[in-house]
Amino acid sequence: MKCFFPVLSCLAVLGVVLAQRHVAVQEGPLYRTEGSHITIWCNVSGYQGPSEQNFQWSIYLPSAPEREVQIVSTVDSSFPYAIYTQRVRGGKIYVERVQGNSALLHITDLQARDAGEYECHTPNTDERYFGSYSAKMNLVVIPDTLQTTAVPQTLHKVEQDALELTCEVATETFQHSHLSVAWLRQRGGEKPAEVISLSRDFVLHSSSEYAQRQSLGEVRLDKLGSTTFRLTVFHLQPSDQGEFYCEAAEWIQDPDGSWYAMTRKRSEGTVVNVQPTDKEFTVRLETDKRLYTVGEPVEFRCILEAQNIPDRYFAVSWAFNSSLIASMGPNAVPVLNSEFAHREARGQLKVAKESDSVFVLKVYHLRQEDSGKYNCRVTEREKTVTGDFLDKESKRPKNIPIIVLPIKSSISVEVASNASVILEGENLHFSCSIRTAGRPQGRFSVIWQLVDRQNRRSNIMWLDRDGTVQPGASYWERSSFGGVQMEQVQPNSFSLGIFNSRKEDEGQYECHVTEWVRAVDGEWQIVGERRASTPISITALEMGFAVTAISRTPGVTYSDSFDLQCIIKPHYPARVPVSVMWRFQPVGTLEFHDLVTFTRDGGVQWGDRSSSFRTRTAIEKAESSNNVRLSISRASDTEAGKYQCVAELWRRNYNNTWTRLAERTSNLLEIRVLQPVTKLQVSKSKRTLTLVENRPIQLSCSVKSQTSQNSHFAVLWYVHKPSDADGKLILKTTHSSAFEYGTYAEEEGLRPRLQFERHASGGLFSLTVQRAEVSDSGSYYCHVEEWLLSPNYAWYKLAEEVSGRTEVTVKQPDSRLRLSQAQGNLSVLETQQVQLECVVLNRTSVTSQLVVEWFVWKPNHPERETVAHLSREATFHYGEQAAKNNLKGRLHLESPSPGVYRLFIQNVAVQDSGTYSCRVEEWLPSPSGVWYKRAEDTAGQMAVTVMRPDAALQVDTVVPNATVSEKAAFQLDCSIVSRSSQDSRFAVAWYSLRTKAGGERDGPGLGEREEEGDEEEEEDPTERTALLSVGPDAVFGPEGSPWEGRLRYQRLSPLLYRLTVLQASPQDTGNYSCRVEEWLPSPQKEWYRLTEEESAPIGIRVLDTSSTLQSIICSNDALFYFVFFYPFPIFGILIITILLVRFKSRNSSKNSDGKNGVPLLWIKEPHLNYSPTCLEPPVLSIHPGAID
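Note that the coordinates shown come from a computational prediction; the quantities given were computed from them, not determined experimentally.

Here we look at the nonpolar core
Argument step 1. In terms of nonpolar packing, the biggest core is built from 65 residues, with I568, Y572, W582, Y643, I697, W717 and I730 touching the most fellow members.
Argument step 2. F281, I309, A326 and L336 belong to the second-largest nonpolar core, a separate cluster that totals 30 residues.

Here it is in structure tokens:
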């Protein structure tokens, strides 16, 4: 509600703005010639008040440009000044009101003084002045200098001659104007027919009558020089007869762009008569016999023999004893003289045209007075340009005489009738004559009776002897209306009249005469009776009633005329009304509709759906018959179809009521309105076009010939693909130059790439497909439809034709992609970096985008696996191999220059070994912006081997053999001299070495047997028993059962491990060793065993406390050192000497082997037995096998 008042205020302001008065006048300046008729329009809008506005015209003359001279007004008769008053009152200047707010100023005879500035003023009808109330324009009056002259003459030509006429057309107008010249033919009162014309736009045109002859070159218009126009008509036809003249018009273009004919002149005419050729003819008369009796029929046949009878005009006349019976003109309608016309009306005589060459005269009931000479005369007539006929040659055969003999008869009572055969509705008149030998002796009573065909007798009327007339029972009502009358004409003559006869009146009419004589007693007595009768045959009106529809032109061409005739038979007199209705069934429909009806009283009624026929249809009913002719001009599709006429026969009853006796429907008459014969021809030439994508496809469609200069064309462009059954529509240009894109253009996105052009020649069309794509390949062709303007001013398709095909092949650019095929081998250690290089040596286009993919073949895997993928959008993706080998995070890609791609694998592992290569796809953009793969190539292979570090593990013991006392503790040290990596971890295990009984040997590992699948070593007679094992993850294994609870483990340094055995017992005596496994982390942070090494054996002796010698040695220090320490250097030098000699003599022999084939670089220390109870020098004892 808050917005209501502001909106209302705005609407009020808007209403004021819209109500502003505005007067507009035709734009000037206008150039018009003296003597011409000019109109100037003036409109007013935006006014208030009554819808009908008034207009006042004034002029400002060039001699007084500030002075207003009033000319004419629609509201004030005294408005004109004196200079214009007489012309306004004489109707030479007036205002025509077109609408309430629009008017035209007319000046019928323009004069030079009418030039000036015209003002149109509209008196105010508004509440207040707001807007413009007048408008002005300039009118320039120039002299009429157009001249059209031709020499008047009369030419007599013979059919097929040539006609040549000239006309001079000149003008001296200074303004820019165009001339149009036309030759016309005038024939009588007919509308002038245009032979040929040259329009102001220099276009030749002929009317429909001469259009075909012009297209064949038989009618020409040539310009000779600057002012002479020559008409040439070859092969004259009789229809060319008439007056020929030329008409010229001078045109000027108004400021609004329209052209106006300032003046129009015609020359004097030349009368051209064309004489047809071959006009001879003969006539003969025939009949069956020469002697006849009264009442017999006779037929005379007049036979015409000539050439081209249907194209010629003949008139026939019949004569009897040199007196005219009837005449028949070229329209085949007979005209009889009064005497014979009466007989013809009663059906006793007929004059007709049996065919184009046979004319007949029939007399159905001869009379005695018909005896005499009969003849016919045939006269050829020529139709003039005025439509009249001129009599030419006339011929007649010899006379044929006939004789009619009378009928002899003698009766006392004689009955006569006016006719024995009549048409229903005609009057019957009977006379009953009484013949007596002498003078009548008495009176007569007369009874008229009718004996019908069933021999039923009925009284019509009777007259008694007293003269009283009484009707019969069945005739009482008719008699009361005067339909039956009887009277006594003379004493011995009686008449009976039956008016408006009916079919039931047919039969034998009998006059029964009774003679009465008065007796002596005064009573009347019958002295005699006589009867006489006469038969009356009444032809029912509906008998023979038939209707026939005929036409001489069942097939016509557009704009031609055709006639339809409804022939009613027999010929009824004027008193018998017949209503005729034409019905029409258009082509393609199933029902008829009423077109026009001639009612029985002579009126014309048009049907509800006949509006299209009224302006082009003439209907005519013959005076002498009920035949109805329908003439239709400017035929078109709407007049094509089936026509039928329906006739109704009516009879007036004696009580003035009407009865419809019969209805007859004619045959169907089909009228075909044919289109002109097409001359459309489209070029059928075939072309082959091959081009690279992104280039334009140039397609052309050429119309070689057309039916008419006014033809318009609709062009449909199609493409046919090998995979499709039919062509697909790309583009359609209608005959009105409207564009319609086909579904193929929409689906394939062709619409923005299509360019259509119609060349100035009018018959050449071109279609360009810009930025061609490979998918545009196919067979292209055009489908041309020729359209013409029908007489109903509607366009119709006359013909269509398909052009030859253009095979278009659009190729992609040739592939030039090439990669480096260099191959190589690369060996690296774990955790190092591998560089894989992919080099593009050449590519198809600098605008292309590349997809790079690295893949690898693993040993024992035949299929390759993707390592990494670089999309054309430069997006890096990991392959399936990266997920398997944990490559994510270890891959690095760089491209130092265009076409060079480097893939780095960091922190490599053994499982990264394989054969690597790269594959490159080259993608190009299509013209539509869609990327497609054009080529691909694979580079050379690179074999990559990833190795683990070399094993450098070396283990030694730093504790010599030892002798300990029972219950004491001994230490087993395991020292790692060197290792393979600083990241190594160690698993350490201590073993007790015993000699197997029977030489059998077990192979324990670090507290368990060696893994399944290791190669078996040579049999070792030493039995190993694990004391303790510690894994690389510092997890302890179980203690050996003999030592359980007596072991102590220490790690003194990263490379020194110690195992202390507590509470030693003599059973602990023996050799001990330690085995070390070196574990390294893989790049995936998984630990693996690199190698293992076992130390030299350590001899441990546990003394039993019961040994004396041992106690003695232990108790004497000198003896202890002598026994245990002094021999060591001596034995060491000796052993080294022996080894050197042996080594030199056996270069290839192996040194003493330790466990697992590791060479021993030392001599196994001899077993030393220590006293378990003292610290005396040990006793040296060398056991077998101590030295190898």
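Back to the write-up after that little detour.
Comments concerning the sheet that holds strand β2 (residues 30-33)
Argument step 1. Strand order in the open sheet made by the 5 strands is β2-β9-β8-β4-β5, with mixed pairing throughout. Pairing within the sheet leaves two strands with one partner each, and these edge strands are β2 and β5 (69-73). Taking each pair of neighbouring strands and ignoring which way they run, the sheet shows an average axis angle of 30°.
Argument step 2. Judged from the 5 bridges that link them, strand β4 (residues 56-60) and strand β8 (residues 116-121) form a sheet pairing that is antiparallel. Looking at the pairing, I59 lines up with Y118 of β8.

Structural notes on helix α2 (residues 82-89)
Argument step 1. Regarding α2, the residues found buried are Y84, T85 and R87.
Argument step 2. Buried-residue contacts for α2 involve β4, β5, β6 (93-99) and β7 (102-107).
Argument step 3. Backbone geometry just after α2 places G91 at a positive phi near 80°.

Here we look at the packing of aromatic side chains
Argument step 1. Throughout the structure, instances matching the rule amount to 22 aromatic pairs.
Argument step 2. Taking 5.5 Å as the distance between ring centres and 75° as the angle between the ring planes, the aromatic pair formed by F281 and F314 counts as edge-to-face. One end of the pair, F281, is in strand β21 (residues 281-286); the other, F314, is in strand β24 (residues 313-320), with 33 residues separating them in the sequence.
Argument step 3. Accessibility expressed as a relative area gives 7% for F314, which makes it buried.
Argument step 4. Taking the centre distance of 5.7 Å and the plane angle of 50° together, the rings of F481 and Y654 count as tilted. Taken together, the residues span a long stretch of sequence, with F481 in the loop between α5 (476-480) and β38 (484-490) and Y654 in the loop between β50 (641-652) and β51 (658-665) at a distance of 173 residues.
Argument step 5. Of the residues examined, F481 reaches a relative accessible area of 48% and is grouped as partly exposed.
Argument step 6. You can call Y654 partly exposed: its relative accessible area is 23%.
Argument step 7. Members of the aromatic cluster, connected to one another through ring pairs, are F562, F584, F613 and Y643.

Focus on the pairing of strand β81 (residues 1056-1061)
Argument step 1. Within β81, 6 of the 6 residues are buried, which leaves the element mostly enclosed by the surrounding structure.
Argument step 2. Burial of β81 is two-sided: the residues L1056, R1058 and T1060 facing one way and the residues Y1057, L1059 and V1061 facing the other way are all buried.
Argument step 3. Pairing between strand β77 (residues 970-978) and β81: 6 bridges, direction antiparallel. Following the sheet pairing, Q971 is matched in β81 by T1060.
Argument step 4. Here strand β80 (residues 1047-1053) pairs with β81 via 6 bridges, running antiparallel. By the bridge assignment, L1047 is partnered in β81 with V1061.

What about the state of the cysteines?
In protein chemistry, a disulfide is the covalent bond that joins the sulfur atoms of two cysteines.
Argument step 1. What the rule picks out here adds up to 8 disulfides.
Argument step 2. Covalent S-S linkage joins C42 and C120, the inter-sulfur distance amounting to 2.0 Å. Residues C42 and C120 are joined through a disulfide that is left-handed, its torsion about the S-S bond being -90°. Of the two residues, C42 sits in strand β3 (residues 38-45) while C120 sits in strand β8, which places them 78 residues apart along the sequence.
Argument step 3. Classification of C42 as buried rests on a relative accessible area of 0%.

Re the pattern of salt bridges
Argument step 1. Enumeration over the complete set of coordinates arrives at 60 salt bridges.
Argument step 2. Across the salt bridge formed by E746 and R751, the nearest N and O atoms sit 3.1 Å from each other.
Argument step 3. Of the charged contacts, one joins E1094 and R1075 as a salt bridge, the two residues approaching to 3.3 Å between their closest N and O atoms. Here E1094 is found in strand β83 (residues 1087-1094), whereas its partner R1075 is found in strand β82 (residues 1070-1081), with 19 residues between them in sequence.

What to know about the sheet that holds strand β16 (residues 219-224)
Argument step 1. Sheet architecture is open: 4 strands sit in the order β10-β12-β17-β16, paired in antiparallel fashion. Looking along the sheet, the strands with just one partner apiece sit at the ends: β10 (147-149) and β16. The mean inter-strand angle of the sheet, taken between neighbouring strand axes irrespective of direction, is 20°.
Argument step 2. Strand direction decides the pairing type here: β10 and strand β12 (residues 163-170), joined by 3 bridges, are antiparallel. Looking across to β12, one finds that T148 is bridged to V169.

Observations concerning the environment of S197
Argument step 1. Along the chain, S197 turns up in strand β14 (residues 193-198).
Argument step 2. In this structure S197 comes out as buried when scored by relative accessible area, which is 11%.
Argument step 3. When the C-alpha positions of S197 and W183 are compared, they lie 6.1 Å apart, and in sequence the two are 14 residues distant.
Argument step 4. With near-sequence residues (within four places) excluded, S197 lies in contact with V181, A182, V203, L204, H205 and L221.

A few points about the side chain of T597
Argument step 1. Within the element layout of this structure, T597 appears in strand β46 (residues 593-598).
Argument step 2. T597 sits in the buried class, given a relative accessible area of 16%.
Argument step 3. Ignoring any residue separated from it by four or fewer positions in sequence, one finds T597 in contact with V580, M581, G603, V604 and Q605.

So, the confidence of the model for the chain
Argument step 1. The share of residues in the chain with pLDDT of 70 or more is 89%, and the mean pLDDT across the chain is 84.
Argument step 2. Taken together, the stretch residues 1-17 has pLDDT below 50 and engages in 2 contacts with residues farther than four places along the chain or on a different chain.
Argument step 3. pLDDT under 50 marks residues 1148-1188. Its contacts with residues more than four places away, or in other chains, come to 114 contacts.

Scoring rules and cut-offs
- Residues numbered from 1 in each chain as written.
- Predicted model: local features only at pLDDT ≥ 70, side-chain atom pairs only at ≥ 80, totals over all residues.
- Heavy atoms only, no water.
- Core = buried A, V, L, I, M, F, W, Y, C linked by side-chain atoms within 4.5 Å.
- Buried < 20%, exposed > 50% of the residue type's maximum accessible area, 1.4 Å probe, protein only.
- Pairing = 2+ DSSP bridges.
- Helix = DSSP H or I, 4+ residues; strand = E, 2+ residues; numbered from the N terminus.
- Axes fitted to C-alpha atoms, helices over the stretch in contact; angles between N-to-C directions.
- Contact = heavy atoms within 4.5 Å.
- Phe/Tyr/Trp six-rings, centres within 6.5 Å; stacked < 30°, edge-to-face > 60°.
- Disulfide = S-S within 2.5 Å.
- Salt bridge = Lys/Arg side-chain N within 4 Å of Asp/Glu carboxyl O.
- pLDDT = per-residue confidence, 0-100.

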